[in-house]
Amino acid sequence: MKPTLPRIDPAKRTVVPPDPELSPKAARNIIRVFVLLLAVPLLFEAASWFTASKTNLAAATVRSGLQWLLMHGLNEGNKNVYLGREGWLFDQRELDRLAHARRAANEVQSSLIKLAAQLKTQDTTLLVITIPDRATMYPEQIRPGRYLDVVRLKGEAGRLADLKAAGVNVLDMTEALWEFRDRQPVFFSHDSHWTPEAMKAVALAVYKHVYEKLPRLSSPETPVINAKILDRTDPGDLALRLDPLHAARLLGEEEANLVSIQGFPPSDKSPIVLHGGELMRVYDDAQLSFGGGGQAPEAGFATQLATLLGRPLDIRGMPVPGESYEDKKLVIILLPMAELVP
């Protein structure tokens, strides 16, 4: 049998090297490496469900490395956190709320109307304070552009009008905070909560509203308080949802200057009830962002508002059916707009 002669390049009259061929052994080795690369993080993830915390730490380390690659290689967050422009993070549910034309209905509006009717029979005022979310305040961090006004959902104006028509006092802070953001940040870039400065601005607006409509409920005397400044840093709850292990290394930490005030502890005897969720508790709860993980900072919305009004408040969570408001003169609800218009 004659040997196969090498091909000759007629233009250069040189021997053309043969096309490279992948041997079966080399192909098997590549497949083994690929499978191993897939199997290692999957094994860590599976082991973290059944074994001790050391394996959980190993799984978290693998996730941290993969998240770093996603962020710096593909400019991607994860299924729960969207990576916007200039390092801004957004809860994916915020974007879903803005993008989806059809939304799940809820009973918040009807519940507020029923509560207003209940309170009216006992001559108690209901004040609802609506707070916009981060995507509403910073749309340019999601989609580049020059935004001259707030990006609102179509249903917001109608629902606010319905509440007012039912006798609910509504203080919508969206426009005010849109103007405020030109002076100071309203939200953090890596945390879902509002800044202390925005919180204080809303507390002051509520105080002015109460002083104008119900002046008898605010004290004319200057309160005696014990205040101190707290400088806190935190990677942010959204950053921690991206990388629970190395969030600070991945995106850095943000700073908050808190004013811790003591002098008006909550009292169920107060004629003013304040309802709220995390927006109300964020700087009063040691376990939330910028809380420090130790003693409660006592620097949140309830603390600020009580100081401005000069009296303690009856502080509660979000309203539930059947709550009693006997001897109450004012019920305030700090309500994210995303709960009124999901």
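Residues numbered from 1 in each chain as written. Predicted model: local features only at pLDDT ≥ 70, side-chain atom pairs only at ≥ 80, totals over all residues. Heavy atoms only, no water.

Turning to the overall build of the protein, a few remarks are in order. When helices and strands are counted, the protein shows 13 helices and 11 strands. With 342 residues in all, the protein has 39% of them scored as buried. For the protein, restricting intrachain contacts to residue pairs at least 6 apart in sequence, the fraction spanning at least 24 positions comes to 72%. (Helix = DSSP H or I, 4+ residues; strand = E, 2+ residues; numbered from the N terminus. Buried < 20%, exposed > 50% of the residue type's maximum accessible area, 1.4 Å probe, protein only. Contact = heavy atoms within 4.5 Å.)

The axes of two packed helices give the description: the angle between them and the distance between them. Following both chains from N to C, one finds helix α4 (residues 108-120) and helix α6 (residues 154-165) inclined at 15°, their axes separated by 10 Å at the closest point. Relative to α6, α4 is oriented roughly parallel. The hand of the α4/α6 crossing is right-handed. Within the contact between the two elements, α4 uses Gln 109, Leu 112 and Ile 113 and α6 uses Arg 159, Asp 162 and Leu 163. (Axes fitted to C-alpha atoms, helices over the stretch in contact; angles between N-to-C directions. Parallel < 35°, antiparallel > 145°, perpendicular 65-115°, else oblique. Left-handed = near helix turned anticlockwise from the far one by under 90°.)

The next point concerns the side chain of His 193. Mapping His 193 onto the fold places it in the loop between α7 (174-180) and α8 (196-213). Since its relative accessible area comes to 3%, His 193 is described here as buried. For His 193, the side chain forms a polar contact with the side chain of Asp 191, separated by 2.7 Å. Among the polar contacts made by the side chain of His 193, one reaches the side chain of Ser 289 at a distance of 3.4 Å. Not counting chain neighbours up to four residues away, the residues in contact with His 193 comprise Phe 187, Phe 188, Asp 237, Glu 278, Val 282 and Ser 289. (Polar contact = N/O pair within 3.5 Å; in protein donor to acceptor, adjacent residues only side chain to side chain.)

Our focus in this paragraph is helix α12 (residues 301-309). Counted residue by residue, α12 has 8 buried out of 9 residues, so it is predominantly covered. Burial in α12 covers these residues: Phe 301, Ala 302, Thr 303, Gln 304, Leu 305, Ala 306, Thr 307 and Leu 309. Residue Gly 310 follows α12 closely and has a positive phi angle near 75°.

Turning to the packing of aromatic side chains, a few remarks are in order. The tally for this structure, following the rule as stated, stands at 6 aromatic pairs. The lysine or arginine in question, Arg 134, covers the ring of Phe 90, its NZ or CZ lying 4.9 Å from the ring centre. Here the guanidinium or amino end of Arg 181 rests over the ring plane of Trp 178, the centre of that ring lying 4.3 Å away. (Phe/Tyr/Trp six-rings, centres within 6.5 Å; stacked < 30°, edge-to-face > 60°. Lys NZ or Arg CZ within 6 Å of the ring centre and 35° of its normal.)

A word on the sheet that holds strand β10 (residues 314-316). Taken in spatial order, the 5 strands make up an open sheet running β6-β5-β11-β9-β10, and their pairing is parallel. Every interior strand has two partners, whereas the edge strands, β6 (169-172) and β10, have only one. Averaged over all pairs of adjacent strands, the angle between their axes in this sheet comes to 20°, without regard to strand direction. Pairing of strand β9 (residues 272-275) with strand β11 (residues 330-336) involves 4 bridges; the strand directions are parallel. Bridge pairing links Val 273 to Val 331 in β11. The strands touched by α4 are β5 (125-131) and β11; relative to β5, the strand with the most contacts, the crossing angle is about 155°. Together, β5, β9, β10 and β11 form the strand contacts of α12, whose direction differs from that of β9 by roughly 155°. (Pairing = 2+ DSSP bridges.)

Let us look at the nonpolar core. Counting residues in each nonpolar core, the largest one holds 47 residues, and the members touching the most others are Ile 129, Trp 194, Val 206 and Phe 301. Ranked by the residues each element gives to this core, the list is headed by α8, at 6 residues. Leu 112, Leu 115, Val 273 and Tyr 325 belong to the second-largest nonpolar core, a separate cluster that totals 19 residues. (Core = buried A, V, L, I, M, F, W, Y, C linked by side-chain atoms within 4.5 Å.)

It is worth spelling out the pattern of salt bridges at this point. Close approach of charged atoms lets side chains of opposite charge pair. Taken as a whole, this structure holds 12 salt bridges when the rule is applied. Between Glu 175 and Arg 152 there is a salt bridge, with its nearest N and O atoms 3.8 Å apart. With Glu 175 in helix α7 and Arg 152 in the loop between α5 (134-137) and α6, this residue pair connects regions lying 23 residues apart in the sequence. Residue Glu 175 is classed as partly exposed on the basis of its relative accessible area of 36%. (Salt bridge = Lys/Arg side-chain N within 4 Å of Asp/Glu carboxyl O.)

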